[in-house]
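# Secondary and tertiary structure notes
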Number of protein chains: 2
Amino acid sequence: MLSKACKYAIRSMLYLAIHADGTKKIGVNKIADDLKTPQPFLAKLLQQLQRDKLVSSMKGPKGGFFLDEKNKENSVWDIVMSIDGAAKFDQCFLGLSKCSDENPCPVHSIAFPFKQRILEDFRDKTIVQWAGEIKNSGKVISLKDIEV
Amino acid sequence: MLSKACKYAIRSMLYLAIHADGTKKIGVNKIADDLKTPQPFLAKLLQQLQRDKLVSSMKGPKGGFFLDEKNKENSVWDIVMSIDGAAKFDQCFLGLSKCSDENPCPVHSIAFPFKQRILEDFRDKTIVQWAGEIKNSGKVISLKDIEV
DNA sequence: TAATAAAAAGACTTTTTTATCCTTAATTAA
DNA sequence: TTAATTAAGGATAAAAAAGTCTTTTTATTA
C-alpha cells in the first residue's frame, strides 16, 4: 500500500511537526536515529520533500530540517503524493486493474471503506492537526521505532 | 500488504474453485489468460501451491489444475501463508516494528480493525465458501482482470 | 577568513520482487 | 508406441525498491 520510503517520510514529517520548528532544526542523523531508518536513504527522502516544498531546511551548523507555517498546513496525502504518487496507494487489494463498486473484487466491500477512511484522514487533516492529536492523545502514540 | 505473487495466487485459486473440478482441469495458459497474469510466473506460483497441497494437478493432455475436495476446504489464509508468509501480511501500516494497542502508530486505530476483519475472512472461510459467495452474490464479482 | 557542520545532488550498489526460458517428466490419445 | 500436451523443476534475467557513497554547496561561528 505504502512503500517503505513513504512510511519513513510520513513518520519523519510528523516527528518534525512535533519536535522541530524554525528555531529548533533537526538533522537527518538525529531523525534517522530516533526513527530507526537508514540515514542516507532518509536524507534522499527529505531532499525530495524539500523540493516539493513540504519541508524546510537550512544548511550549515545549527542547520537541519523543520516545518515552517506553510509546511504545517500540508496534509499527509501530500507526502504520499510526493513519494509514492496517488496511483500506488489506490490499488485493488487483490490486484485487479479495475476494481469498483460496479466491478468489485471479492474483498472490495471490506477494503474500500478502509481505504476511504484512511484517505480522508490523510487528505483532510493538516500535519499540525496530526501532530496535535498525537501529542494530546491519552495513549503513547509512536513514531520512533523500537526494534524488537 | 500482499505481494503481486500472492494476489495472483488467490485469484487463481478462487477461479479454479469456480471453474474447475476433478473432471474439468484448467491449464496455466487459460488461467493466466483470463486473469491477465504473466503465464510463467503464475506457473511457478501454482507449483508452489501444489507442493503445499493447496491445489491439485495432472500432467499431459486434458491435464491442468483443479481443486480436489480437500483443497476446497483450505482457506485463503493458507494461500497467503504459502506464498507470502504470515509476517508479510501482519505489518504496521506506517512501518513500526512493534505496533499494537499499547504502542500504536498514528493510524493503528483505523488499520488494525481492517486487518482483523480481512484476516478473519481469510482464515475462517473455506475456499468453497468464497466461491459460493462469489457465484451467488447479486453483483458481478470479478477475478478475471480487464485491463484498462 | 578559515574551519566546521550540515544539506543537496548525483552516481552507484545491493536486495527483493517479478518474470522468463529451457529441459525433463508424466499422461493421453491416435 | 509415438506424438502431442501439459505440469515440474531449475537456472537465469529484468525491473523495482531500498540503501550507500562521494562531492559540492551553503551557512555558522570562532
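Notes on the structure in this doc start here. (Residues numbered from 1 in each chain as written. Chains lettered and ligands numbered in written order. Predicted model: local features only at pLDDT ≥ 70, side-chain atom pairs only at ≥ 80, totals over all residues. Heavy atoms only, no water.)

### Observations concerning the interface of chain A and chain B
Quoted interface sizes are often the accessible area lost when the parts come together. Taken together, the contacts link 40 residues of chain A with 40 residues of chain B. For the chain A and chain B pair, buried surface summed over both sides reaches about 3,400 Å², with 69% attributable to carbon and sulfur atoms. The three residues of chain A that bury the most area against chain B are A:F93, A:I110 and A:F114, which together make up 20% of that side's buried surface. If you look at where chain A meets chain B, you find zero salt bridges. Our enumeration of links across chain A and chain B arrives at 10 residue pairs in polar contact (both at pLDDT 80 or more). Contributions of two or more residues to the side of chain A that touches chain B are made by helix 1 (4-19), helix 7 (108-124) and helix 8 (127-136) of chain A. It is helix 7 of chain A that provides the largest number of residues to the side of chain A that touches chain B, a total of seven residues. In terms of residue class, the side of chain A that touches chain B is made up of 25 nonpolar, four polar and 11 charged. (Contact = heavy atoms within 4.5 Å. Buried area = accessible area lost by both parts, 1.4 Å probe. Salt bridge = Lys/Arg side-chain N within 4 Å of Asp/Glu carboxyl O. Polar contact = N/O pair within 3.5 Å; in protein donor to acceptor, adjacent residues only side chain to side chain. Helix = DSSP H or I, 4+ residues; strand = E, 2+ residues; numbered from the N terminus. Nonpolar A, V, L, I, M, F, W, Y, C, P; charged D, E, K, R; others polar.)

### Some details on the protein's contact with DNA strand D
Of all residues adjacent to DNA strand D, which total 28 residues, the nearest are A:Y8, B:G27, B:K44, B:Q47 and B:S57. Among the atoms of DNA strand D lying within 4 Å of the protein, the sugar-phosphate backbone contributes 62%. Those elements giving two or more residues to the surface near DNA strand D turn out to be helix 1 and helix 3 (39-51) of chain A together with helix 3 (39-51), strand 1 (56-58) and strand 2 (64-66) of chain B. Here the surface near DNA strand D gets four residues from one element, more than from any other, and that element is helix 3 of chain B. Residues belonging to the surface near DNA strand D are distributed by class as follows: 12 nonpolar, nine polar and seven charged. (Near = heavy atom within 4 Å.)

Take it as geometry only, folks, not as evidence of what the structure does.
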